[in-house]
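What the coordinates show
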Amino acid sequence: MAPVPPGIHLLVSFNREQWYRGLTFMLTFLLYTSFHLSRKPISIVKSELHKNCSTASELAAASGAVASGGGQEASFPSPHTETQCSWKPFDKSNYKQLLGAMDYSFLCAYAIGMYLSGIIGERLPIRLYLTVGMLSSGLFTCLFGLGYVYNIHSLGFYIFVQVANGLVQTTGWPSVVTCIGNWFGKGRRGLIMGLWNSHTSVGNILGSLIAGYWVSSNWGLSFIVPGLIIAAMGVVCFLFLIEPGSAELQLICGLPVPASVLLQNYDTELLLPRDAVCVPAQPVVVVKSESEPSAISFMGALRIPGVVEFSLCLLFAKLVSYTFLFWLPLYITKAAHLDAKKAGDLSTLFDVGGIVGMLLVCGGLVNGPYALITTAVSADLGTHKSLKGNARALSTVTAIIDGTGSVGAALGPLLAGVLSTGGWNQVFYMLMTADFLALLLLLRLVAKELSSSKSHPVSAIE
C-alpha cells in the first residue's frame, strides 16, 4: 500500500479528485521539464569547449602587418592561443569526434537504461524511484560543471558523467507517464497528453536560457544551476507526488481497499474513474485476492498487442527526428553556401526559404506521431484490458517503447555522419526509408482498428 506523501497534508482539499488531477498534471509537467532543462546545457556549452579563434588570430596578424609599415616585418603575438580559446581535451583537431562521443555516450546509456528502468520502476514505489533519479541526475549534472571549477581536462571524466547521467535520467519518463496516464481516460488522453508533452519544448527553452546566461563567463554554472533545479524538483516530487495505488482511493473516498481489488473486475476507461462513487465504509465482500497485482515481465509486456509495432515505429521516427536535430544546422549552412556560389544572395534566400518550409512540414508530420506514441499510445497500451487493472505495468510498457525509440535516436545521427561523406542525398534517402518503414509498421494496426470500429461500434458503458 503506497503511503501518502508528507507534503500532501499541507494542501487544502476541495473536490479532491479533480484537484488532484490538476495537481498531477502540473507537477509531472514541471518534473519532466526539469529533466529536459538539465539535458540542454551540453549543446550550449559545446561552442565554449572549442572556440573558433581563427578570426581573432587573423585580426591580430592584420594589425601586425599594418604596424610593420614600409615592408619591415613586425611580429606581434596573438592575444588568443589555442589553449586559451578551448578547453582541453577539446582543443585539438579531432574535437568534433570528442564532442560527438559525449552525445553518443549519453544517448546509448539512455537507450540501454530505459529497458531496465521500467522493469525496476514497476517493482519500486514510483515516488521514491523518481525522487532518487532526479537527485542523482542533479548530482551528475553539477559534476559536469565542477569540471570547470576544479580545472578537470580528462575526457574519461566527462564521458563517465554523461553515461551516468544518461542512466539515471531514464527514471523520469516511465514514472511520469505512469502517474498521469492512470488519471486521464482514453477519450481525453490525446488532447491532455498533447498539451502535457509540451514540457519537452519548455524544458529545452529554459535550459538554453539558463545555460546561455553563464556560458561565456563561467560555463560551469551552466551545468550547476540546472543540476540544482532538478535536484530541488526531486524534493518537491517526494513531498507532493502521489503514485497510482491505494493511497489515491483513500485520499478521494476514504476507503482502505486497494485499487486493484476494486478495479480488476472491470474493463474501464479509467483506472481511477472520473465519476467514481465513494460508498460509506462498510463491510465489503471481496471475491478476489486483496494482494497487489504482480509486476509484469519484460516478455509479458512485449506480448501486449501493439507494443512491438509501436516500439519499432518510434525507433524510426526518433531516428528521423534526432538526425534533423543534430545535422540540420550544418546542412542548411552548407546548402546556403553552395547556392551563394552558384546564383547569388537572392537565389539563396528563396532556396533556403523553400528548404526551411519543407522541413517545417516534415517536422510536424514526424514529431506529431512521435509525441503521441510516447504519451497517449503508451498509456493506452499500458492500461490494456489484458492487464486486468494492473496500473504499475504502464511503467514497463512505456520504458520498452521509449527505450526502443532511443536506439533510433542514437543510430540516426551516427548513420548521418557516415553517409554525409558521400553526399547529402544519401542522408535523405536514409530518412525516407526510415519514414517508409515506420508507416509499414502501423498499417496492420490501422487496418485492425478500422475493422474493429466497424464491427463493434462504440456504445455507452453502463
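In the annotation of an unreviewed UniProt entry, the entry for the protein chain reads Major facilitator superfamily (MFS) profile domain-containing protein, and the organism field reads Poecilia mexicana. Turning to the protein chain, the UniProt annotation filed under Subcellular location (unreviewed entry) states: "Membrane".

Comments concerning the overall build of the protein chain
Regarding its fold elements, the protein chain presents 18 helices and zero strands. In the protein chain, which comprises 462 residues, the proportion classed as buried is 46%. Taking the contacts inside the protein chain whose residues are at least 6 apart along the sequence as the reference set, 83% of them involve residues at least 24 apart. Counting every atom, the protein chain has about 23100 Å² of accessible surface; 68% of that belongs to carbon and sulfur.

Re the environment of threonine 170
Tracing the backbone shows threonine 170 in the loop between helix 7 (155-168) and helix 8 (172-181). Classification of threonine 170 by relative accessible area gives buried; the value is 2%. Note: C-alpha distance between threonine 170 and glycine 113 (57 residues apart in sequence) is 6.2 Å. Those residues in contact with threonine 170, other than ones at most four positions away along the chain, are Tyr110, Gly113, Met114 and Ser117.

Some words on the nonpolar core
Counting 36 residues, the largest nonpolar core has Leu381, Val397 and Leu431 as its most contacted members. Among the secondary structure elements, those contributing two or more residues to this core are helix 5 (95-122), helix 15 (307-343), helix 16 (345-382), helix 17 (393-419) and helix 18 (424-455). Ranked by residue count, the leading element in this core is helix 15, at 13 residues. In terms of nonpolar packing, the next biggest core, distinct from the first, is built from 29 residues, Leu27, Leu31, Tyr110 and Val177 among them.

Things to note about the pattern of salt bridges
Applying the stated rule across the entire model yields four salt bridges. Lysine 92 is the salt-bridge partner of aspartate 91, the closest N and O atoms lying 3.2 Å from each other. Accessibility expressed as a relative area gives 43% for lysine 92, which makes it partly exposed.

Focus on a nonpolar patch on the surface
Together, Phe436, Leu437, Leu439, Leu440 and Leu443 make up a nonpolar patch on the protein surface, roughly 450 Å² of accessible area in all. You can see phenylalanine 436 is positioned in helix 18. What makes phenylalanine 436 partly exposed here is its relative accessible area of 48%.

Description of the state of the cysteines
Counting across every chain of the model gives zero disulfides. No disulfide involves cysteine 237; its nearest neighbouring cysteine sulfur is the one of cysteine 179, lying 7.5 Å away. Exposure remark for cysteine 237: the relative accessible area of 0% places this residue in the buried category.

A word on the packing of aromatic side chains
Applying the stated criterion to the full structure yields 15 aromatic pairs. Pairing phenylalanine 144 with tryptophan 219 gives two aromatic rings, centres 6.4 Å apart and planes at 65 degrees, and the pair type is edge-to-face. You can see phenylalanine 144 sitting in helix 6 (residues 126-149) and its partner tryptophan 219 sitting in the loop between helix 10 (199-214) and helix 11 (221-240), a full 75 residues away along the chain. Note on phenylalanine 144: relative accessible area 1%, which makes it buried. Linked through ring pairs, Trp87, Phe90, Phe144, Tyr148, Phe157, Tyr158, Trp219 and Phe223 together constitute an aromatic cluster.

Digging into the environment of phenylalanine 223
Take phenylalanine 223: it is sitting in helix 11. The spacing of phenylalanine 223 and tyrosine 148 is 75 residues in sequence and 9.8 Å in space, taken between C-alpha atoms.

Re the packing of helix 6 against helix 11
Each pair of packed helices gets described by two things: the angle between the helix axes and the distance between those axes. At their nearest, the axes of helix 6 and helix 11 sit 7 Å apart, and the two run at 165 degrees to each other. With respect to their mutual orientation, helix 6 and helix 11 come out roughly antiparallel. Here helix 6 and helix 11 pass one another in a crossing that is left-handed. Residue composition of the contact of helix 6 with helix 11, by class: 17 nonpolar, seven polar and one charged.

What counts, and where the lines are drawn
- Residues numbered from 1 in each chain as written.
- Predicted model: local features only at pLDDT ≥ 70, side-chain atom pairs only at ≥ 80, totals over all residues.
- Heavy atoms only, no water.
- UniProt positions renumbered as here; feature names shortened; annotations may be inferred.
- Helix = DSSP H or I, 4+ residues; strand = E, 2+ residues; numbered from the N terminus.
- Buried < 20%, exposed > 50% of the residue type's maximum accessible area, 1.4 Å probe, protein only.
- Contact = heavy atoms within 4.5 Å.
- Areas by Shrake-Rupley, 256 points an atom, 1.4 Å probe, with all protein chains shown as cover.
- Core = buried A, V, L, I, M, F, W, Y, C linked by side-chain atoms within 4.5 Å.
- Salt bridge = Lys/Arg side-chain N within 4 Å of Asp/Glu carboxyl O.
- Patch = residues over 30% accessible without salt bridge, like charges linked within 9 Å, V, L, I, M, F, W, Y side chains within 5 Å.
- Disulfide = S-S within 2.5 Å.
- Phe/Tyr/Trp six-rings, centres within 6.5 Å; stacked < 30°, edge-to-face > 60°.
- Axes fitted to C-alpha atoms, helices over the stretch in contact; angles between N-to-C directions.
- Parallel < 35°, antiparallel > 145°, perpendicular 65-115°, else oblique.
- Left-handed = near helix turned anticlockwise from the far one by under 90°.
- Nonpolar A, V, L, I, M, F, W, Y, C, P; charged D, E, K, R; others polar.

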